[in-house]
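Here is what each chain is made of, one letter per residue.
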Amino acid sequence: MIFNTTHNNKDTEKAINNLLGAPYSFFQSIKLKGTGSKRMIIDEVSIGFKNMMNTVADINYGNIELREKGLLVHINKGLKNFSWAIPFYQLHIYKTSGFSIHAQGNFVRFKNNKLLKENKKFIDKLIDLKIKNDEQFDFQNVQ
């Protein structure tokens, strides 16, 4: 689900919290050594996100916020902010010529540059949380 988060909206906040859980508290965030990535350059997006990208030659930036049951991909377009809510069970991550997040028939690919390399520890943490979440629902190992 994609939300316009430019302005605070209680209905949007409630929908995101119901889908992904509440944001981590200050102490939980410290314990996890951070719950948000640094900004990264968006290289390519799926057709569903084309209207959220800058149409001029501006650079598009995005970042990722971890939640208990998923993540938020924040995309900036000029003065507007959009957030893509992805539960862990819908999340697919690929490392190709960059780093891409796929879910719900859409994707965002981040450019492979210095900014992406600065987020390596965060991406590793994201993958670990995804694996931990998937293990909860792995019925093949149940005796």
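Calculation rules
- Residues numbered from 1 in each chain as written.
- Predicted model: local features only at pLDDT ≥ 70, side-chain atom pairs only at ≥ 80, totals over all residues.
- Heavy atoms only, no water.
- Salt bridge = Lys/Arg side-chain N within 4 Å of Asp/Glu carboxyl O.
- Helix = DSSP H or I, 4+ residues; strand = E, 2+ residues; numbered from the N terminus.
- Buried < 20%, exposed > 50% of the residue type's maximum accessible area, 1.4 Å probe, protein only.
- Arc of directions from axis to C-beta.
- Contact = heavy atoms within 4.5 Å.
- Polar contact = N/O pair within 3.5 Å; in protein donor to acceptor, adjacent residues only side chain to side chain.
- Pairing = 2+ DSSP bridges.
- Phe/Tyr/Trp six-rings, centres within 6.5 Å; stacked < 30°, edge-to-face > 60°.
- Lys NZ or Arg CZ within 6 Å of the ring centre and 35° of its normal.

Time to look at the pattern of salt bridges. The full count for this structure, using the stated rule, is four salt bridges. Between Arg109 and Glu44 there is a salt bridge whose closest N-O contact spans 2.3 Å. With a gap of 65 residues between them, Arg109 in strand β8 (residues 106–111) and Glu44 in strand β2 (residues 40–45) connect regions that are remote in the sequence.

Moving on, we come to helix α1 (residues 10–20). Within α1 the residues assigned to the buried category are Thr12, Ile16 and Leu20. Take α1 and look down its axis: the buried residues cluster within an arc of 40°, on one side only. For α1, exposure combined with an orientation more than 90 degrees from the buried face picks out Lys10, Asp11, Lys14 and Asn18. Of the surrounding secondary structure, the elements contacted by the buried residues of α1 are β1 (2–4), β3 (61–67), β4 (70–77) and β5 (80–87). With a side-chain oxygen lying 3.0 Å from the backbone nitrogen of Asp11, the N-terminal cap of α1 falls on Asn9. A positive backbone phi angle near 90° is found at Gly21, which sits one or two residues after α1.

Another aspect to go through is the environment of Lys125. For Lys125, the position within the fold is in helix α4 (residues 120–136). Along the backbone, Lys125 and Val56 are 69 residues apart, and their C-alpha atoms lie at a distance of 34 Å. A distance of 2.9 Å separates a polar atom in the side chain of Lys125 from the backbone oxygen of Leu32.

It is worth spelling out the pairing of β2 at this point. Relative to β3, β2 runs antiparallel, the two sharing two bridges. Within the sheet, the bridge partner assigned to Met40 lies in β3 and is Gly62.

Let us now look at unusual backbone geometry. The phi angle at Lys33 is positive, at roughly 60°, despite the residue not being glycine. Mapped onto the elements of the fold, Lys33 is located in the loop between α2 (26–31) and β2. A relative accessible area of 75% places Lys33 in the exposed class. Phi is positive for Gln104, close to 55°, though the residue is something other than glycine. Tracing the chain through its elements places Gln104 in the loop between β7 (98–103) and β8.

Under the definition given, this model contains three aromatic pairs. When the ring of Phe26 is compared with that of Phe27, the centres are 5.5 Å apart and the planes differ by 75°; the resulting orientation is edge-to-face. A residue is classified by how much of its surface remains accessible, and Phe26, at 58% relative accessible area, is exposed. For Phe27, a relative accessible area of 65% corresponds to the exposed category. Between the NZ or CZ atom of Arg39 and the centre of the ring of Tyr61, over which it lies, the distance is 3.8 Å.

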